Amino acid sequence: MNDSHVDQERLKDKVSLILKVNYVSSALSLIFAAICYFGLNIKQIIPVIFVAFGICNLLNTWAFHKYKNITTTYNISSIMALISALIITLYSGGINSPFIFTLALIVFAGYVTTKRYGQVYLILVFCLVLLIFLQSIPDLSITENIIPEGSKDLFNLLSVLFSMFLLGNIFGKNLLKTHHALYRSKKELTAQMEEKETLLKEVHHRVKNNLQTVSSLLSLQSRNVEEARMKTLLKSTQNRVISMAMVHEMLYMRNDITQIEYKSYVQELSEYLIRSIKGLDSKVQLKIDIPDIKLGIDTAIPLGLLINEAVTNALKYGFADEEEGEIYIVLNKELDKQYVLNIGDNGKGFPETITHKNSKSLGLKLIHNLTRQLKGTIQRDVSKKGTNYIIRFHEITQQLHPAV
């Protein structure tokens, strides 16, 4: 449901509520006027005000059907209701009149319509109540209670019933209806979200399966290749595919399908690479220091490929055969929301004169290109033995073009 449709539904509900309140309050006012005049022997002011409000409010409501301006209609009705309620309250006991609660209904109606109108009418009613209170002071009073002594109890009862009927039958029903509508909408949205999450998980699962199929095809192809260089290239490509498949597998396995816990991913990926390249009896130690960091897929995959290349290069060129060594991967988040990856080994290393620009190594080129894809910077740390990098980057919030 788009925003314009929601706004139209909201306006429709508001119009319906205001018109219903106007019609009911006008009818009740005319009935109350008749009861006051004929049943309670109240001949002055109060029945006149009830009749005047009832008729004027009906005319104002009928005018809406011609001019279609609900804001003007509402404000005219509210102002007439404020004036009428104030006069009736002043002439029916002042601060002790139960009809004073009608003023609170006007504030409530304002908040039901909009927060702004509710605040305006709250301030107005607050001032009016203070004015009514001042009228209870004999020296300041300019009105008198015109309700006959024998009719006061019945008038008070009818005033309470008048307020209760408007509050319960009109506003109460409307609020309950709105609550149920919101509850239904929430249930529908929850169901839709769960359905989309299930579909997204299925997508990740299928992508993972497809990548694993590609990995298997590369593995089968490498078995039929005798040339060592080509076999190595196929194996490197297979590892890159597996590093991407692991991201989708972790997204599928977890409740949060937008982010993965990166420490477990790096641990699993690095251990796989060591087994794949050096075998189960490898003497290369793995040191991983990553706190509780979660990354989205647009950052996790290129960063995973970068780590894959760095670890692969270390295993292939940093340590000869059964040589012992250490690979470390440290990832931290700084205060400016920038991530810093320290990755390297204590192996043989390579000369400073060799860069990604003059080297024929695909792995070295990929490390720099993937850093660029992460909108980051890369610096080689020559103060340490082996090959070591300091890479700074920010999390990617949208899908970028793949590194080439």
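For clarity, every value in this text was computed on a predicted model and none was experimentally measured. (Residues numbered from 1 in each chain as written. Predicted model: local features only at pLDDT ≥ 70, side-chain atom pairs only at ≥ 80, totals over all residues. Heavy atoms only, no water.)

Engineer: Help me out: how do you make sense of the side chain of Gln 238 in this one?
Structural biologist: With respect to the helices, strands and loops of the structure, Gln 238 is situated in helix 7 (residues 228–253). If near-sequence neighbours (up to four positions away) are discounted, Gln 238 is found in contact with Ser 215, Leu 218 and Ser 219. (Helix = DSSP H or I, 4+ residues; strand = E, 2+ residues; numbered from the N terminus. Contact = heavy atoms within 4.5 Å.)

Engineer: What exactly am I supposed to notice about the pattern of salt bridges here?
Structural biologist: Close approach of charged atoms lets side chains of opposite charge pair. According to the stated counting rule, one finds four salt bridges in the structure shown. Residues Arg 392 and Glu 334 are paired through a salt bridge, measuring 3.2 Å at the closest nitrogen-oxygen approach. Here Arg 392 is found in strand 7 (residues 388–394), whereas its partner Glu 334 is found in the loop between strand 4 (325–333) and strand 5 (338–345), with 58 residues between them in sequence. Ionic pairing is found between Lys 384 and Asp 381, a salt bridge with its closest N-O pair at 4.0 Å. Judged by relative accessible area, which is 42%, Lys 384 ranks as partly exposed. (Salt bridge = Lys/Arg side-chain N within 4 Å of Asp/Glu carboxyl O. Buried < 20%, exposed > 50% of the residue type's maximum accessible area, 1.4 Å probe, protein only.)

Engineer: Mind showing me how you'd approach the nonpolar core here?
Structural biologist: One recurring pattern in soluble globular proteins is that nonpolar side chains are buried together. Residues Phe 32, Cys 36, Ile 46, Phe 50, Leu 103 and Phe 155 are the most contacted members of the largest nonpolar core, which totals 45 residues. Those elements that place two or more of their residues in this core are helix 1 (3–39), helix 2 (46–67), helix 3 (70–90), helix 4 (101–113), helix 5 (115–134) and helix 6 (152–223). Sequence-distant contacts of Ile 46, that is, excluding residues within four places in its chain, are made with Cys 36, Ile 88, Tyr 91, Ser 92, Ile 146, Ile 147 and Phe 155. Counting 43 residues, the second-largest nonpolar core is a separate cluster that includes Leu 303, Ile 329, Ile 343 and Leu 366. (Core = buried A, V, L, I, M, F, W, Y, C linked by side-chain atoms within 4.5 Å.)

Engineer: I would appreciate a short explanation of a nonpolar patch on the surface in the present structure.
Structural biologist: Together, Tyr 23, Leu 30, Val 51, Ile 55, Leu 59 and Trp 62 line one region of the surface with nonpolar side chains, adding up to about 520 Å² of accessible area. Considering every element that reaches the nonpolar patch, the biggest residue donor is helix 2, with four residues. Within the secondary structure, Val 51 is located in helix 2. (Patch = residues over 30% accessible without salt bridge, like charges linked within 9 Å, V, L, I, M, F, W, Y side chains within 5 Å. Areas by Shrake-Rupley, 256 points an atom, 1.4 Å probe, with all protein chains shown as cover.)

Engineer: For this particular structure, what's the right way to read the sheet that holds strand 4?
Structural biologist: Within a beta sheet, neighbouring strands are joined by backbone hydrogen bonds and run either parallel or antiparallel to one another. Here we have five strands laid out as an open sheet, ordered 2-4-5-7-6, and mixed in their pairing. Unpaired on one side and paired on the other, strand 2 (284–289) and strand 6 (377–380) mark the two borders of the sheet. Mean inter-strand twist for the sheet, computed between neighbouring axes without regard to direction, equals 10°. Examined bridge by bridge, strand 5 and strand 7 share seven bridges and lie antiparallel to one another. Paired with Leu 341 across the two strands is Ile 391, which belongs to strand 7. The strands that helix 8 (residues 262–278) touches are strand 2 and strand 4; relative to strand 2, the one it contacts most, it runs at about 170°. The sheet contacts of helix 10 (residues 362–373) involve strand 6 and strand 7, and relative to strand 6 the element is tilted by about 140°. (Pairing = 2+ DSSP bridges. Axes fitted to C-alpha atoms, helices over the stretch in contact; angles between N-to-C directions.)

Engineer: Any chance you could explain helix 9 (residues 297–318) here in plain terms?
Structural biologist: What sets the pattern is the α-helix's 3.6 residues per turn: residues three or four places apart point alike. With 22 residues, helix 9 should reach 32 Å at 1.5 Å per residue; the first-to-last C-alpha distance of 30 Å fits that figure. Across the 22 residues of helix 9, 19 count as buried, placing the element largely inside the fold. (Expected span 1.5 Å × (residues − 1).)

Engineer: Would you take a moment to explain helix 10 for this structure?
Structural biologist: With twelve residues, helix 10 should reach 16 Å at 1.5 Å per residue; the first-to-last C-alpha distance of 16 Å fits that figure. Counting buried residues in helix 10 gives nine out of twelve residues, a clear majority hidden from the surface. Buried residues of helix 10: Gly 363, Leu 364, Leu 366, Ile 367, His 368, Asn 369, Leu 370, Thr 371 and Gln 373, and no others. Positive phi shows up at Lys 375, right after helix 10, with a value of about 55°.

Engineer: When you look at the confidence of the model for the protein in this model, what are you seeing that I'm missing?
Structural biologist: For any part of a model where pLDDT is low, the fine detail of the predicted coordinates should not be relied upon. Looking at the protein as a whole, the pLDDT averages 83, with 93% of positions reaching at least 70. Contacts for the low-pLDDT stretch residues 399–404, under 50 throughout, to residues beyond four places or in other chains number ten contacts. (pLDDT = per-residue confidence, 0-100.)

Engineer: Explain the pairing of strand 4 here, please?
Structural biologist: The side chains of a regular strand alternate, first on one face of the sheet and then on the other. When strand 2 meets strand 4, the two strands line up parallel, connected through six bridges. The partner of Gln 285 across the bridge, within strand 4, is Glu 326. The antiparallel pairing of strand 4 with strand 5 creates a hairpin that spans four residues between the two strands, and Lys 337 there sits at a positive phi of about 65°.

Engineer: Whenever I open this one, the side chain of Asn 388 confuses me. Can you help?
Structural biologist: Looking at where Asn 388 falls in the secondary structure, it is placed in strand 7. A polar side-chain atom of Asn 388 sits 3.4 Å from the main-chain amide nitrogen of Asp 345. Here Asn 388 is in contact with Tyr 328, Ile 343, Gly 344, Asp 345, Gln 379, Arg 380 and Asp 381, once residues within four sequence places are set aside. (Polar contact = N/O pair within 3.5 Å; in protein donor to acceptor, adjacent residues only side chain to side chain.)

Engineer: Honestly, the packing of helix 4 against helix 5 in this entry has me stumped. Any pointers?
Structural biologist: The angle between the axes and the distance between the axes are what describe a pair of packed helices. Here helix 4 crosses helix 5 at 165°, and the two axes come no closer than 6 Å. The angle between helix 4 and helix 5 places the two elements in the roughly antiparallel class. Of the two possible hands of crossing, helix 4 and helix 5 adopt the one that is left-handed. Of helix 5, the residues touching helix 4 (which contributes Leu 103, Ile 106, Val 107, Gly 110, Tyr 111 and Thr 113) are Lys 115, Tyr 117, Gly 118, Gln 119, Tyr 121, Leu 122, Val 125, Val 129 and Ile 132. Tallied by class, residues from the contact of helix 4 with helix 5 come to ten nonpolar, four polar and one charged. (Parallel < 35°, antiparallel > 145°, perpendicular 65-115°, else oblique. Left-handed = near helix turned anticlockwise from the far one by under 90°. Nonpolar A, V, L, I, M, F, W, Y, C, P; charged D, E, K, R; others polar.)

Engineer: Please explain a negative patch on the surface as it appears in this structure.
Structural biologist: Side chains of Asp 281, Asp 321, Glu 322, Glu 323 and Glu 324 sit close together on the surface and give a patch of like negative charge. Its location among the elements puts Glu 323 in the loop between helix 9 and strand 4. A relative accessible area of 34% means that Glu 323 is categorised as partly exposed. (Lys, Arg positive; Asp, Glu negative; His and termini not counted. Charge placed at Lys NZ, Arg CZ, Asp CG, Glu CD.)

Engineer: In this structure, what is going on with the packing of helix 2 against helix 3? I would like to understand it.
Structural biologist: For the pair helix 2 and helix 3, the least separation of the axes is 10 Å and the interaxial angle reads 180°. Overall, the two elements helix 2 and helix 3 adopt an arrangement that is roughly antiparallel. Contacts between helix 2 and helix 3 involve Ile 46, Ile 49, Phe 50, Phe 53, Cys 56, Asn 57, Asn 60, Thr 61 and Phe 64 on the former and, on the latter, Ile 70, Thr 73, Ile 76, Ser 77, Met 80, Ala 81, Ser 84, Ile 87 and Ile 88. For the contact of helix 2 with helix 3, the per-class residue count stands at twelve nonpolar, six polar and no charged.

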